[in-house]
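The lines below spell out each chain.
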Amino acid sequence: MTSRAPLRVAVAGLGAVGTAVVAALQAGLPGCRLAAVSARDLDAARARLPEGVPAVPLEGLEPLADLVVEAAPAALLPAIAEPFLRAGKGVVVLSAGALLRAGHLIDLAREHGGQITVPTGALIGLDAVAAAAEGVIHSVRMVTRKPVRGLVGAPYLVENDIAIEDIREPLRVFRGTPREAAVGFPANLNVAVALSLAGIGPDRTELEIWADPALTRNTHRIEVEADSASFAMSIENIPSENPKTGRITALSVVACLRKMGAPLRVGT
Ligand SMILES: NC(=O)C1=CN([C@@H]2O[C@H](COP(=O)(O)OP(=O)(O)OC[C@H]3O[C@@H](n4cnc5c(N)ncnc54)[C@H](OP(=O)(O)O)[C@@H]3O)[C@@H](O)[C@H]2O)C=CC1
Ligand SMILES: O=C([O-])CC(=O)C(=O)O
């Protein structure tokens, strides 16, 4: 009989995603063990964690864990990821948009034998997009529709004086690339960046963002034309406690962690 030691998982950020991932780890995820947590308010975090799970500043996570789940504001991605990658360890990245401004993280992973994983998160079909990318993809188009409260406050809207609070009809607020959206909508369009990284990159993927006052769910539709297949898929995400984040995001991380230690892996 061979059995591997459980993967020691750290969770950086105890918001909508981090809290749900911690709960799943506490409930028991085969092959994984919750090793440490970081949060902005460490005392509040300690009060919520079971005894024996340390809550430490971000820089204290790496010595305690084999892998970190980054579930924090995008600006913190380098501080969370760098120590793990330098140590040849794994990082599961939720703030995928921030990866475009932190290309050195991929170099660090390459140099030290670490690995960055971007889970499918709030999106759908990255397995099919990645498979199609092994051939030739002609085009990838994504249309995101969000309730007003899922978009309000985005820097692009503020800088361009686009007021959406009182709209009565759907309004297209952005048309461009995931690279542009990652700057203008840093807390809203990680999904578009993840899609672009799986497919034809952040400058060739076409993206539209709509604010829709009739919607209660974040809705993403992707259309792919490739030499192997044409496909279109859409997902309607029920918001979590954070209206910008779909509930399925944390579940995608849990599924990703479950796969890491599983004897059977389904899906690429
Ligand atoms: N890839 C994908 O498909 C998706 C990605 N995301 C992205 O995932 C990330 C997490 O999302 P979500 O959980 O909804 O975000 P939240 O805003 O709910 O949570 C982020 C957490 O990080 C905490 N935090 C702030 N500063 C620090 C610090 N210095 N150290 C540790 N923790 C800190 C915040 O604490 P406090 O509240 O006290 O400030 C907050 O609890 C975001 O970047 C989001 O854009 C979200 C949805 C889908
Ligand atoms: O892209 C994101 O970061 C979040 C999102 O659209 C969703 O949860 O549907």
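Criteria and thresholds
Residues numbered from 1 in each chain as written. Chains lettered and ligands numbered in written order. Predicted model: local features only at pLDDT ≥ 70, side-chain atom pairs only at ≥ 80, totals over all residues. Heavy atoms only, no water. Pairing = 2+ DSSP bridges. Helix = DSSP H or I, 4+ residues; strand = E, 2+ residues; numbered from the N terminus. Axes fitted to C-alpha atoms, helices over the stretch in contact; angles between N-to-C directions. Near = heavy atom within 4 Å. Polar contact = N/O pair within 3.5 Å; in protein donor to acceptor, adjacent residues only side chain to side chain. Areas by Shrake-Rupley, 256 points an atom, 1.4 Å probe, with all protein chains shown as cover. Nonpolar A, V, L, I, M, F, W, Y, C, P; charged D, E, K, R; others polar. Domains from an automatic or database assignment. Contact = heavy atoms within 4.5 Å. UniProt positions renumbered as here; feature names shortened; annotations may be inferred.

### Considering the sheet that holds strand E1 (residues 7–12)
Stage number 1. Spatial ordering of the open sheet is given by E2-E1-E3-E4-E5, a layout of five strands whose pairing is parallel. A strand with exactly one partner marks an edge of an open sheet, and here the two such strands are strand E2 (32–38) and strand E5 (115–117). Sheet twist, expressed as the mean angle between neighbouring strand axes with direction ignored, is 25°.
Stage number 2. Sheet analysis places strand E3 (residues 67–70) next to strand E4 (residues 90–93), joined by four bridges and oriented parallel. Note that in E4 the partner of Leu-67 across the bridge is Gly-90.

### Notes on the site of ligand 1
Stage number 1. Around ligand 1, 24 residues are found, and the nearest of them are Val-17, Arg-40, Ser-95, Asn-190 and Thr-245.
Stage number 2. Leu-94 places a main-chain nitrogen or oxygen 3.0 Å from a nitrogen atom of ligand 1.
Stage number 3. Summarising the interface, the protein chains cover 78% of the accessible area of ligand 1, which totals 910 Å² for the free molecule.
Stage number 4. Of the residues contributing to the shell around ligand 1, the split by class is 14 nonpolar, nine polar and one charged.
Stage number 5. Two domains share the shell around ligand 1, each providing at least three of its residues, namely domain 1 (7–122 + 248–260) and domain 2 (126–237).

### A few points about the site of ligand 2
Stage number 1. Surveying the vicinity of ligand 2 reveals the residues Ala-122, Lys-146, Asn-188, Leu-189, Asn-190, Val-191, Asn-218, His-220, Asn-237, Lys-244, Thr-245 and Gly-246.
Stage number 2. At 2.6 Å, a backbone N or O of Gly-246 approaches an oxygen atom of ligand 2.
Stage number 3. When contributions to the shell around ligand 2 are tallied by element, the ones reaching two or more residues are helix H9 (190–198) and strand E9 (218–226).
Stage number 4. Looking at side-chain class alone, the shell around ligand 2 contains three nonpolar, seven polar and two charged residues.

### Observations regarding the sheet that holds strand E6 (residues 137–146)
Stage number 1. The sheet built from five strands is open, its strands ordered E7-E8-E6-E9-E10 with mixed pairing. The open sheet has two edge strands with one neighbour each: strand E7 (171–176) and strand E10 (230–237). Taking the axes of each pair of neighbouring strands and ignoring which way they run, one obtains an average angle of 10° across the sheet.
Stage number 2. Across five bridges, the pairing between E7 and strand E8 (residues 206–211) is antiparallel. In the strand pairing of E8, Arg-172 is matched with Trp-210.
Stage number 3. Together, E6, E9 and E10 form the strand contacts of helix H6 (residues 126–133), whose direction differs from that of E10 by roughly 155°.

### As for the UniProt feature "domain: Aspartate dehydrogenase" (unreviewed entry) in the chain
Stage number 1. As recorded in UniProt, the sites labelled "domain: Aspartate dehydrogenase" (unreviewed entry) are residues 168–254.
Stage number 2. End-to-end, the C-alpha atoms of residues 168–254 are 37 Å apart, and along that stretch the chain is 26% helix and 33% strand.

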